[in-house]
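Each chain, written out:
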Amino acid sequence: WLKFCSNGSAFVLEGLKAKVAMSQFGMEAHTGFFLKSLAVIFFLMTFGQIGQLAYCWLMTGGLLWWMLTSLVGLDQDDSIAVIAAIFFLRAIPWVGKRILTIVATYPLALSFKYASQILPKYTIDEAEFFSCDGASEEVAARRKASLKELSEKWKKKYPKCQEFSIELKKMISDLRFTSARCFPAFNSVVQKYLDPSMALDRTEGVDVVDFDGNSSMDISGSYGVNVCGYEKYKEFIEDGWKVAKKQGLFLGSLDNTVLDNISRLRKVSGHDEVSFHMSGTEAVMCAVRVARFNTKKPLCVTFGGAYHGWWDGMQPVAGNERLPQDVLCLKDMNNLSLTVIEMRASEIAAVLVNPLQCFHLNQSPPSDPVLSSNNRKVGPTAGYKEWLHKLQDTCKRAGVVLIFDEVYTGFRLHPRGAQGAYDVKADIVCYGKTLGGGLPIGVVCGPKELMARGDTKKAARVNYVIGTFAGHPFVMASMNAFLKWLETPETVKSYETMHKNIDSFIETANAKFKEKGYPLKLTNWFSVWSMLYTTPGRYHWLFQYFLKDAGVNLSWVGTGRLLFSLEWTKPDYDRLLERLLTACEQMQKGGWWEEPKANIKAKLGIEIGTAVFKNVFGLTG
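Please read these numbers as outputs of a predicted model, since none were measured by experiment.

Trainee: Would you explain the sheet that holds strand β11 (residues 520-525) in this entry?
Mentor: Backbone-to-backbone hydrogen bonds join strands into a sheet, with any given pair of strands oriented parallel or antiparallel. Read from one edge to the other, the open sheet built from three strands follows the order β11-β12-β14, with strand pairing classed as antiparallel. The sheet is open, and its two borders are formed by β11 and β14 (562-563), each paired with just one other strand. Two elements, β11 and strand β12 (residues 528-533), share six bridges in a ladder whose sense is antiparallel. Counted as the bridge partner of Thr523 is Ser530 from β12. Sheet strands in contact with helix α21 (residues 489-516) are β11 and β12, and its direction is about 165 degrees off that of β11.

Trainee: Quick question: what am I supposed to make of α21 here?
Mentor: When the terminal C-alpha atoms of α21 are compared, their 41 Å separation across 28 residues agrees well with the 40 Å that a helix rising 1.5 Å per residue should span. Of the residues making up α21, those classed as buried are Thr491, Tyr495, Met498, His499, Asn501, Ile502, Phe505, Ile506, Ala509, Asn510 and Phe513. Packed against the buried residues of α21 are α20 (473-486), β11, β12 and α23 (570-589). Once α21 ends, the next one or two residues include Gly517, with phi positive near 80 degrees.

Trainee: Any chance you could explain the packing of aromatic side chains here in plain terms?
Mentor: In this description, an aromatic ring pair is defined by two values, namely the gap between the centres and the angle between the planes. Under the definition given, this model contains 33 aromatic pairs. Between Phe505 and Trp529, the aromatic rings sit 5.9 Å apart at their centres with planes inclined by 80 degrees, giving edge-to-face as the arrangement. Placement of Phe505 in helix α21 and of Trp529 in strand β12 is noted, with a sequence separation of 24 residues between them. In this structure, Phe505 and Trp529 share a single accessibility class: buried. Note on Tyr518 and Trp593: the rings are 6.1 Å apart at their centroids and 45 degrees apart in plane angle, and the pair reads as tilted. Taken together, the residues Tyr518 in the loop between α21 and β11 and Trp593 in the loop between α23 and α24 (600-616) connect sequence positions 75 residues apart. Using a relative accessible area of 9% as the deciding quantity, one classes Trp593 as buried.

Trainee: How should α20 be read in this particular structure?
Mentor: Each α-helix winds once per 3.6 residues, and so residues spaced three or four apart point in a common direction. In a regular helix each residue adds 1.5 Å, so 14 residues correspond to 20 Å; α20 covers 20 Å between its end C-alpha atoms and thus fits that length. In terms of residue burial, α20 counts as a mostly covered element, since 12 of its 14 residues are buried. Among all positions of α20, only Pro473, Val475, Met476, Ala477, Ser478, Met479, Asn480, Ala481, Phe482, Leu483, Trp485 and Leu486 are buried. Residues of α20 that are buried in the fold lie against α13 (230-244), α14 (256-269), β4 (273-277), β10 (442-446) and α21.

Trainee: I tried to follow a nonpolar patch on the surface on my own but got confused; where do I start?
Mentor: A surface patch of nonpolar side chains, about 670 Å² in accessible area, is lined by Ile118, Leu119, Ile608, Phe613, Val616, Phe617 and Leu619. The leading source of residues in the nonpolar patch is α24, at three residues. Relative to the helices and strands, Phe613 resides in helix α24.

Trainee: I tried to follow the pairing of strand β5 (residues 299-303) on my own but got confused; where do I start?
Mentor: Among the five residues that make up β5, five are buried, leaving the element largely enclosed by the rest of the structure. By the alternation rule, side chains of β5 split into Leu299, Val301 and Phe303 and Cys300 and Thr302, which are all buried. Looking at chain direction, β5 and strand β7 (residues 348-353) are connected through three bridges and run parallel. Looking at β7, one finds that Val301 is bridged to Val351. Pairing of β5 with strand β6 (residues 327-330) involves four bridges; the strand directions are parallel. Bridge assignment links Cys300 to a residue of β6, and that residue is Val327.

Trainee: Would you take a moment to explain unusual backbone geometry for this structure?
Mentor: Both trends apply: most residues other than glycine have a negative phi, and most peptide bonds are in trans. A positive phi angle is found at Lys296, which is not glycine, with a value near 60 degrees. Note that Lys296 resides in the loop between α15 (280-295) and β5. Look at Lys296 and you get exposed, because its relative accessible area is 53%.

Trainee: Help me understand the packing of α13 against α20 in this model?
Mentor: The interhelical angle for the contact between α13 and α20, taken along N-to-C directions, is 130 degrees, at an axis separation of 7 Å. One element, α13, and the other, α20, form an angle in the oblique class. The hand of the α13/α20 crossing is right-handed. Residues Lys232, Phe236, Ile237, Asp239, Gly240, Trp241, Val243 and Ala244 of α13 lie in contact with α20, whose contacting residues are Pro473, Phe474, Ala477, Ser478, Ala481, Phe482 and Trp485. Broken down by class, the residue content of the contact of α13 with α20 amounts to 11 nonpolar, two polar and two charged.

Trainee: What exactly am I supposed to notice about the packing of α21 against α23 here?
Mentor: Helix-helix packing is characterised by the crossing angle of the two axes and by the distance between the axes. At a closest axis distance of 11 Å, the pairing of α21 and α23 adopts a crossing angle of 25 degrees. Taken together, the axes of α21 and α23 lie roughly parallel to each other. Handedness of the α21/α23 crossing: right-handed. In this structure, α21 uses Met498, Asn501, Ile502, Phe505, Thr508, Ala509, Lys512, Phe513 and Lys516 to contact α23, whose residues at the interface are Tyr573, Leu576, Leu577, Leu580, Leu581 and Cys584.

About the criteria used
- Residues numbered from 1 in each chain as written.
- Predicted model: local features only at pLDDT ≥ 70, side-chain atom pairs only at ≥ 80, totals over all residues.
- Heavy atoms only, no water.
- Pairing = 2+ DSSP bridges.
- Helix = DSSP H or I, 4+ residues; strand = E, 2+ residues; numbered from the N terminus.
- Contact = heavy atoms within 4.5 Å.
- Axes fitted to C-alpha atoms, helices over the stretch in contact; angles between N-to-C directions.
- Expected span 1.5 Å × (residues − 1).
- Buried < 20%, exposed > 50% of the residue type's maximum accessible area, 1.4 Å probe, protein only.
- Phe/Tyr/Trp six-rings, centres within 6.5 Å; stacked < 30°, edge-to-face > 60°.
- Patch = residues over 30% accessible without salt bridge, like charges linked within 9 Å, V, L, I, M, F, W, Y side chains within 5 Å.
- Areas by Shrake-Rupley, 256 points an atom, 1.4 Å probe, with all protein chains shown as cover.
- Salt bridge = Lys/Arg side-chain N within 4 Å of Asp/Glu carboxyl O.
- Parallel < 35°, antiparallel > 145°, perpendicular 65-115°, else oblique.
- Left-handed = near helix turned anticlockwise from the far one by under 90°.
- Nonpolar A, V, L, I, M, F, W, Y, C, P; charged D, E, K, R; others polar.

See below:
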């Protein structure tokens, strides 16, 4: 039916010459209707893509006008009627696909472009800071005393770290950005009292030691890199340097270490070809680029909330000023998304999946800066394995490339990443982070026909995917040490041990929190875990600061995403629980977990609504 409609113009034109003999169709009275119809159709078919489609349709309409009036001999009114009919028949399937795509699109992808322009930053001043949940004067006083006490303690505990942070923030924008670790409205007051930045001196097992000699248990996982344990990476780097130091900086030539890495990566990925890069973001860039080049199709599908690196070509929502027009951001685990992929198969080159989304489906990565109350939704999603298999079948039928972004999940979930954990094979796989054995790396694995850089029939059609430091001898040697370690029976068994230890820790911790009445609950997905808050509250984000004080190191996302490594032992988990309980006690003592007296959702609505009003009417300072 769609094919019939798409080619409907052929049926419309069949009888034109016969009608011309009758001079006209008698459409003069309906010309206004047809002109309005053309305007509506033109709007629907070019909305949001003016630069790409508008001129094409205008030129097509102009050409049809010339043909109908000059060659066929129709008058102006009849020509307008015929053009409107042709455009209408062509628009039916096109508009149908577009409407279906909009329904299947991740809601934030539709609204973010506009919301980002009207949602302003606003600040809760110190006078309201301690009682913005309707707390009594007594509770507000406890909170203020608690924050002042913590601030004074940190000045003595972290003097070198704080001095180092002040100087570094003058020169590094990244540090200024990641220092804002709480819900934005509270940043101004919190930063006046506390600076959570840490200046690292060394690592010791699962601990990190700062400039001031303070030792903290690390659950940040170095943004996903630390799968094996810091001591193991030291070994990989040392072993790698022993092999690579004789080659120095020489680039552009391969050696036996590279060949051995390729052989091992072929076993891990299940694919024949390998491409080396210097980061996970670069690996994703390569995968998407070769998929588009070798399929000769423009679009790429990603799913709501998924992160695929900082490249603006694959960031269809927050974090990107230039929202890409060639990316469809669809709802994850949604059958309508599968329908869109099949219906638009002629346009879609690839579907890009980050399996980490199983932990926070259709949600952005969890972090404390967006923790306005107990609104965090994380935890393993039931049926995700079955979904991946359905997605794989759909892509196969549609001739669409399935890409797994395993930069984060590769080697964390399983020795073969999500492919091994969920028993599903992607057409292209991206790796990064831990694969470098402690050094920067990005790798893409795929079949020959999808990894090709040139067209076998067109000499000028070339796909440049290159990098100066790709295949650096030191990185290759460190990676080789990691890959050899990965294949040992002891390593494979250590994954099972880690998962059992984590499950036991989560169960024990949650029982202890419940026993003591703390509004805290832990949840995990393999070695990725998070903290949930079981009651409403405006200060849950503050828990990360008390964790730091208790000797627990977190990344800038706070309690949103946490990580364990294979290095952790039963005594380490026991030690961590003690520190979690210490931080809980301080939160409780300081009054931060007192039951809110005001409706938090209503308060937030008023605050944000007022800020938007001031922003729209230029009333901000």
